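# Geometric and topological summary
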Amino acid sequence: MIEIRNIVKRFGDLEVLAGIDLDIVPAAVSSIVGPSGAGKTTLLQIIGTLMTPDAGTVSYDGQNVFSLNDRMLSAFRNRSIGFVFQFHQLLPEFSLRENVAMPALIGGASRADAFASADRLIARLGLSKRADHRPNELSGGECQRAAVARALVNAPAVVLADEPTGSLDSANRAALHRLFFELRDELGATFVIVTHDENLAADSDRIVHMQDGRINHLTVR
């Protein structure tokens, strides 16, 4: 369980988040929706510890992560949180396999263990024949699947995704959409997704509706 309590974030005089309370439940897909400027991405970045709130707490299994020092927080982020962005952010000089294994290597896993974990996920996502290719040799859909594999390689508590289907065509968008729910069912993976994709949001286990820096409705299916 991730508990988000009374999160406030301001940029100058602009209050972007105005006291957010939210629980993220495990083994579920939660979508955050709302108009541009609602504070969705800011909230996701705070949940992911990429941004510090001005007030409030984010607790993973009872641990307020913002009480950790920088070194401990970086280690926690690597171990416990996976990220998928709108644009895959794969490193161009490395192969698909190396990109997927990178978080495990950074976390201190041996090369053998990191690549074994990467290969299992690459196979599950249907990318084994592309494992030695670099990002510029892959399609957009393949790059995003590789980004999902990279996010999962350390078996994190949660995967946070910011408009992960936004740069894809309709076929690849639908395929990635299905993949999130398959991984929820097969691996018990937990996803929190900021999205404008109405189909993805509609199928989610929980839909967080945001407006003007506040949650104005939570739909639980």
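The text that follows walks through the structure, step by step, so that each part is easy to find.

With that settled, the discussion passes to the sheet that holds strand β8 (residues 191–194). On the basis of which strands lie adjacent, the open sheet formed by 6 strands has the order β6-β7-β8-β3-β9-β10 and mixed pairing. Of all strands in the sheet, those bounded by a partner on one side alone are β6 (81–84) and β10 (214–220). Across the sheet, the mean angle from the axis of one strand to that of its neighbour is 20 degrees, orientation sign disregarded. Pairing between strand β7 (residues 158–162) and β8: 4 bridges, direction parallel. Bridge pairing links alanine 161 to isoleucine 193 in β8. Relative to the sheet, helix α1 (residues 40–47) contacts β3 (29–33), β6, β7, β8 and β9 (206–211), its axis offset from that of β7 by approximately 150 degrees.

The strand order across the open sheet formed by 4 strands is β2-β1-β4-β5, and the pairing between neighbours is antiparallel. Each having just a single partner strand, β2 (14–24) and β5 (63–64) make up the two edges of the open sheet. With 2 bridges joining them, strand β4 (residues 55–60) and β5 adopt antiparallel strand pairing. From the neighbouring strand, serine 59 faces β5, where its bridge partner is asparagine 64. Along the sheet face, α1 touches β1 (2–11), β2 and β4 and points at about 125 degrees away from the line of β1.

Here we take up the pattern of salt bridges. Side chains carrying opposite charge are able to pair once their charged atoms draw close together. Going through the model one piece at a time under the given rule, you end up with 10 salt bridges. Note that aspartate 119 and arginine 97 form a salt bridge whose closest N and O atoms lie 2.7 Å from each other. Note that aspartate 119 is positioned in helix α4 (residues 111–124) and arginine 97 in helix α3 (residues 96–106), a separation of 22 residues in sequence. For the salt bridge of glutamate 186 with arginine 124, the shortest nitrogen-to-oxygen distance reads 2.6 Å. Linking glutamate 186 in helix α6 (residues 170–187) with arginine 124 in helix α4, this pair joins segments that are 62 residues apart in sequence. Looking at arginine 124, the relative accessible area reads 27%, which means it is partly exposed.

A general tendency of soluble globular proteins is for nonpolar side chains to be buried together. If you look at the biggest cluster of nonpolar residues, it comprises 36 residues, and the most contacted ones within it are Val148, Phe180, Leu183 and Phe191. Sorting the residues of this core by element identifies α3, α4, α5 (140–152), β7, α6 and β8 as the ones contributing at least two each. Top contributing element to this core by residue count: α5, with 7 residues. Apart from residues no more than four positions distant in its own chain, phenylalanine 191 is found in contact with Ala28, Val29, Ser30, Val159, Phe180, Leu183 and Arg184. The next biggest cluster of nonpolar side chains, apart from the first, holds 29 residues, and it includes Val65, Phe76, Val158 and Val208.

Judged by how many residues are buried, α1 sits mostly within the fold: 6 of 8 residues are covered. Of all the positions in α1, only Lys40, Thr42, Leu43, Leu44, Ile46 and Ile47 are classed as buried. Among the residues trailing α1, threonine 49 stands out with phi positive, at a value near 65 degrees.

Here the focus is the side chain of lysine 9. Positionally, lysine 9 belongs in strand β1. Filtering out sequence-adjacent residues up to four positions away, lysine 9 remains in contact with Leu14, Glu15, Val16, Leu17, Thr42, Ile46, Met51, Thr52, Pro53 and Asp54.

Basis of the calculations
Residues numbered from 1 in each chain as written. Predicted model: local features only at pLDDT ≥ 70, side-chain atom pairs only at ≥ 80, totals over all residues. Heavy atoms only, no water. Pairing = 2+ DSSP bridges. Helix = DSSP H or I, 4+ residues; strand = E, 2+ residues; numbered from the N terminus. Axes fitted to C-alpha atoms, helices over the stretch in contact; angles between N-to-C directions. Contact = heavy atoms within 4.5 Å. Salt bridge = Lys/Arg side-chain N within 4 Å of Asp/Glu carboxyl O. Buried < 20%, exposed > 50% of the residue type's maximum accessible area, 1.4 Å probe, protein only. Core = buried A, V, L, I, M, F, W, Y, C linked by side-chain atoms within 4.5 Å.

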